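Observations on chain architecture
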Amino acid sequence: MPKLLSKVRASSIVQTLLNDIRNGGKEIGGFSQAMRTFTTSSGHVEEPVSGLGQKQIVDALVFGERSRAVSLLYDFSLGNNKLSANDFASILQTCARLPDPLFVMETWKIMEEKEIDISAKCYFLAARALCKGGYLKEALSLMSIMEENPNSYSMLPVYNNFLVACSETHTVDYANECMGLMEHQMVGKNEITYAQFLKLAVLQQNLSAVHEIWKECSKYYSLSVISLRKFIWSFTELRDLQSAYTTLQHMVSLVVRENSYISRTAEGRFCDLRLDIPAPSTGNLSFIDASLNTEGSTNFDLERQSIGSIEISTVKKPLSASVTKLLRWSFNDVMHACAKVQNCDLAEQLMLQMQTLGLQPSGSTYDGFIRAIVTTRGFSDGVEVLKVMQEKNIKPHDSTLAVLAVICSRELQLDRAEAFLDEMAEIRSPRPYNAFLEACDVLDQPERAVQILAKMKKLNLQPNIRTYELLFSLFGNVNSPYEEGNMLSQVDVAKRINAIEMDMMKYGLQHSHLSLKNVLKALGTEGMIKELIQYLHAAENRFSRYDTYMITPVYNTVLHSLVEAKESQMATQIFKSMVSSGVPPDAATYNIMIDCCSIIGCFRSALTLISMMLHNGFNPQAVTLTGLLKISLRSEDFDGSLKLLNQGISEGIQLDVLLYNTILQVASEKGRIDVIELIVEQMHVHGVLPDPSTCSHVFAAYIDHGFYNTAMEALQVLSVRMIAGCDNIADDKQTELENLILGEDLEDESQILEPFKDSKEYLTVALLQLRWCAILGYPVSWSPSESQWARRLSNNLASMSGSL
């Protein structure tokens, strides 16, 4: 095809926009529509000439005998000196249907050599075959010379075919050149053209372009149900819920107000039976803008309807099956957009409007509806909708079950989540399983994780890197929390990590920064320092030292493990190496190293770290102050510790219970009840609730000095504060709790333990402490402020602060 390629015309590259919106509608670039444009003087469609030679070539192409077809083509061209364009029409038509762009080029070369007067139909079929075969450059070359041929008087179907191919292949550059040719040749645009413009606009995520297309399209056309459906799709794909909703209401008004004449093409696509007269070329495609202006919908000039004010209309005449399907698709699009932006209120109103219009919700409708409501209201509302679906014999989509499984896992409802996973027919993504594994990690239930992993293997579901991140977190540790590793557990950990890594390699996956962090955490917990440093070096090679998001958290994990293992010297060396190699520490890094200084008792080094911390823009936090207090308390400097505490309060540091417990622990060990009472009252004044450690330190201090009644009174007050916080407990709640605390049945104690299963161990501990007090004869008081001990601490706060 050398002649064709030599005639490529330079096209103005119009800056772009674009993507697809057109599933249904007129036959986009379809052959049947194109044939309507190729007529004889009598107005009848020209029938293709199909002689014996042409038929043999077509049969060879259809049966895949391409070499034979080439031989027949050359024999055909040599055997007849009076060939016309019609003698090649069936061949080109077959090439367009298959498609076979290479054979088109062979055919076209022969037609040029024979100097055949090429018809518009041949141009169309050749261009279509090239487009469908992905030869866009060659198709564009052909289109650029078509205007020079007097027979090629109908250009728009060819351009539409080319734009369809650009949309399908996401080839924006060629689409720009095509639009440049359209502008130059003034071919105009029809609704098919605008549909392709929409597809390309969505492809480039260019919302403002969609609004510009709306303005131009609505200027020349009274938009049909099909066109409105395409705009609704575009707006929902670009998350413009307001415009999608408004367009949907116009679509509803249109079908209620008048009958829409919708038919289907031979290929099954929807098409409007109205005459589609091309709009004149404006000579300006300004909405095609490669700058990707994604501003809001300021150009949307339909009358706005506020979301939530749906006009409920009733249909006077039954809708056709085609209109009903298009309308339901558009409702589904908007419903799924509601799910994306978590607008459950509008989703409910859309469901109500569908019922009013007589549109039966489909499984896809319910899929979007459930997604919209469970993300904001929880899985129980989604389960209620599932019951409605069951009553209507509508089977939920796998995607519906998947999102319910994910929500249940997030709410730590493992039994429900697993039930939804088992109900899914086909699993395509590991995401719902990963959510389940994450819940197992939170609840520390690795045995449930093993079961779900077995199901993944049975389903041949390929894990992703998130799966392995969770596996390292779940199975990297052997011992229980706070239990030190030993030789046996370290061997077991090494085997587990190796097995998980081998499985990763099988799927060609490499460590992420999070999976490496979880491995490092597991090694540090088991005290495997040698392996810890080896993996740190692997992380240094894997990630850039200047990618702080990746590498700094990895260093923090190693430093924390070394500090926990009391490997202070090694932690200091790693920190120095980190800084010298250009890896910037963050606030967590400085706090870890200040904690390291508390182990070696070096207050000066801690102050140096705080200076560096402030210099790099990180303000001290409660954990920073806790590290300094540990250093101060090593030398039993309670006066200095209290001054540090007061300084932190004056500087606005948000203090937490861990910081106060740090002082309480040392004060309890050293018998400093005066300090304990001051700290407990400060906690109360600043709204820091006690935890079980607080109760333990205070109780032990009084017991060690023989103050048994005071110990029990303090335990009661602190327990009630753990339950009630800063608020008073309502009378009905007091009665309920007293029945549990004072009950003599074993069932009462088991009910007290129930909150522990929901990770509310503080409530369980507080109730058990109050039950123990009641058993020993100390009645429960739900008003801690009336306690003599609490009143004494409050009255003594000022004087104790002055004396210390």
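Remember, it's a predicted structure, so these values are computed and weren't measured experimentally.

The rules we used
Throughout, residues of each chain are indexed from 1 in the direction in which the sequence is written. Under the rules for a predicted model, residues below a pLDDT of 70 receive no local features and side-chain atom pairs below 80 are neither given nor counted, while totals for whole chains, interfaces and linings still include all residues. To get the side-chain values, all heavy atoms of the structure are used, and hydrogens and water are removed first. UniProt positions are given in the numbering used here, feature names are shortened, and annotations may be inferred rather than shown by experiment. Only runs of H or I of at least four residues qualify as helices and only runs of E of at least two qualify as strands under DSSP, and these elements are numbered from the N terminus. Surface patches are drawn from residues lacking salt bridges whose relative accessible area is over 30%; two like charges belong together within 9 Å, two nonpolar side chains (Val, Leu, Ile, Met, Phe, Trp, Tyr) within 5 Å. The Shrake-Rupley method, run with a 1.4 Å probe sphere, supplies the accessible areas, and residue values consider only the shown protein chains as cover. What counts as a salt bridge is simple: a side-chain nitrogen of Lys or Arg found within 4 Å of a carboxyl oxygen of Asp or Glu. Buried residues are those whose accessible area, probed at 1.4 Å on protein chains only, stays under 20% of the maximum for their type, while exposed residues exceed 50% and partly exposed ones sit between those limits. Put plainly, a pocket is an open set of points on a 1 Å grid over the protein atoms alone with protein on both sides within 12 Å along at least five of seven lines, a cavity is a set where a 1.4 Å probe fits but cannot get out, and a lining residue has an atom within 4 Å of a point. Grid points are joined across faces, edges and corners, and a volume is the space filled by probe spheres set on the points. The residue classification treats Ala, Val, Leu, Ile, Met, Phe, Trp, Tyr, Cys and Pro as nonpolar and Asp, Glu, Lys and Arg as charged. All others, Gly included, are polar. Here an axis means a line fitted to C-alpha atoms, over the contact stretch when the element is a helix, while the angle between two N-to-C directions is reported on a 0 to 180 degree scale. These descriptions rest on fixed angle ranges, namely under 35 degrees for roughly parallel, over 145 for roughly antiparallel, 65 to 115 for roughly perpendicular, and the rest for oblique. Each crossing is labelled by how the near helix is turned from the far one, with a counterclockwise turn of less than a right angle marking it left-handed and a clockwise turn marking it right-handed. Here a residue-residue contact requires only that any non-hydrogen atoms of the pair lie within 4.5 Å.

**Side note on the UniProt feature "repeat: PPR" (unreviewed entry) in the protein**
The UniProt record annotates "repeat: PPR" (unreviewed entry) at residues 429–463, 551–585, 586–620 and 656–690. A helix fraction of 77% and a strand fraction of 0% characterise residues 551–585, whose end C-alpha atoms lie 10 Å from each other. For residues 656–690, the end-to-end C-alpha separation is 10 Å, with 74% helix and 0% strand making up the annotated structure.

**Some remarks on a nonpolar patch on the surface**
A contiguous nonpolar surface patch, about 320 Å² in accessible area, is contributed by Trp 772, Ile 775 and Leu 776. Structurally, Leu 776 is set in the loop between helix H39 (761–775) and helix H40 (788–803). According to the relative accessible area criterion, Leu 776 is partly exposed, its value standing at 44%.

**Some details on empty space enclosed by the protein**
Here the structure, examined in full by the defined rule, presents 3 cavities of 30 Å³ or more. Quantified by volume, the largest cavity comes out at close to 80 Å³. Around the largest cavity, the lining comprises 11 residues; the ones closest to its centre are Met 683, His 684, Val 688, Pro 690 and Arg 721. If you tally residues by element for the lining of the largest cavity, the top one is helix H34 (residues 673–685), at 3 residues. Broken down by class, the residue content of the lining of the largest cavity amounts to 7 nonpolar, 3 polar and 1 charged.

**A word on the packing of helix H13 (residues 225–237) against helix H14 (residues 241–257)**
Interhelical geometry of H13 versus H14 gives an angle of 165 degrees and a closest axis separation of 8 Å. Considered as vectors, H13 and H14 are oriented roughly antiparallel to each other. Pair H13 / H14 crosses with left-handed handedness. Residue-level contacts link Val 225, Leu 228, Arg 229, Phe 231, Ile 232, Phe 235 and Thr 236 of H13 to Ser 243, Ala 244, Thr 247, Leu 248, His 250, Met 251, Leu 254 and Val 255 of H14. Its residues assigned to classes, the contact of H13 with H14 shows 10 nonpolar, 4 polar and 1 charged.

**Let's talk about the pattern of salt bridges**
A full pass over the atoms with the stated rule returns 24 salt bridges. We note a salt bridge from Arg 66 to Asp 100, for which the minimum N-O separation is 3.1 Å. Of the two residues, Arg 66 sits in helix H4 (residues 66–78) while Asp 100 sits in the loop between helix H5 (89–97) and helix H6 (101–113), which places them 34 residues apart along the sequence. Residue Asp 100 is classed as buried on the basis of its relative accessible area, which comes to 11%. Here Glu 216 makes a salt bridge to Lys 189, at a shortest N to O gap of 3.1 Å. Highlighted residues: Glu 216 in helix H12 (residues 207–220) and Lys 189 in the loop between helix H10 (172–185) and helix H11 (191–203), separated in sequence by 27 residues. Like Lys 189, Glu 216 is buried. Shared partners join several salt bridges into a network, and the residues in it are Asp 415, Glu 418, Asp 422, Arg 448 and Lys 455.

**Digging into the packing of H14 against helix H15 (residues 321–341)**
Between H14 and H15, whose axes approach to 10 Å, the crossing angle comes to 160 degrees. It follows that H14 is roughly antiparallel to H15 by the angle criterion. The handedness of the crossing between H14 and H15 comes out as left-handed. Residues Leu 241, Ala 244, Leu 248, Met 251, Val 252 and Val 255 of H14 lie in contact with H15, whose contacting residues are Val 323, Leu 326, Leu 327, Ser 330, Phe 331, Val 334, Ala 337, Cys 338 and Val 341. Its residues placed into classes, the contact of H14 with H15 shows 14 nonpolar, 1 polar and no charged.

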